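As a plain string of letters, each chain reads:
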Amino acid sequence: MDMTASTPDHRNCGRIGELLSTIGDRWTLPVVVTLHDGPLRFNAVRRAVTGISQQMLTRTLRILERDGMVDRTVHPTVPPQVEYALTPLGRSLTEEAFRLGTWVQAHLPLIDNHRAQFDDRNG
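Note that this is a predicted model, so its numbers are computed, not measured. In every chain, residue numbers begin from 1 and rise along the written sequence. Given that the model is predicted, a residue must reach a pLDDT of at least 70 before its local features are reported, and side-chain atom pairs must reach 80 or more before they are shown or counted; all residues, however, enter totals for whole chains, interfaces and linings. Just so you know, side-chain values use all the structure's heavy atoms and leave hydrogens and water out.

Details of the pattern of salt bridges
A pair is scored as a salt bridge if a Lys or Arg side-chain nitrogen falls within 4 Å of a carboxyl oxygen belonging to Asp or Glu. Taken as a whole and assessed by the stated rule, the structure comprises one salt bridge. Across the pair Arg99 and Glu96 runs a salt bridge whose closest N-O atoms are separated by 2.7 Å. Residue Arg99 and its partner Glu96 are located together in helix α5 (residues 88-122), separated by three residues, close to a single helical turn. Between buried and exposed lies partly exposed: a residue is buried under 20% and exposed over 50% of the maximum accessible area for its type, with that area taken using a 1.4 Å probe on protein chains only. In this structure Arg99 comes out as exposed when scored by relative accessible area, which is 57%. On the basis of relative accessible area, Glu96 is assigned to the partly exposed category, the value being 40%. Counting from the N terminus, the helices are the DSSP runs of H or I reaching at least four residues and the strands are the DSSP runs of E reaching at least two.

Here it is in structure tokens:
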């Protein structure tokens, strides 16, 4: 079976792993999914993502902005209002996140069953 068409270029494995690590961290997907319905101000994102600290949200948003998944807009008001919105790239990530979440929900009972069987055998 020829896998070359679907196999990633192994020279990029480190970069792919780095990005997957960022996407799979504790906060990235909750922040991205929170922004799915439209732009939000910092504190609205913070209220929506339960348990995230101000520092961690700032860090996560900066990483997402650097990677081109989030746009940061500063509105010239007093005090300045900052709004965050998904870019088309960020929106495509939410679509994949929703698809993966749907897969997990559909297979969770089966996975729980396998885990229980494994734990029973390996006590």
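Once the structure has been displayed, the description carries forward.
Describing unusual backbone geometry
Residue Pro79 is bonded to the preceding Val78 through a cis peptide linkage, with omega at -10°. Note that Pro79 resides in the loop between β2 (70-75) and β3 (81-86).

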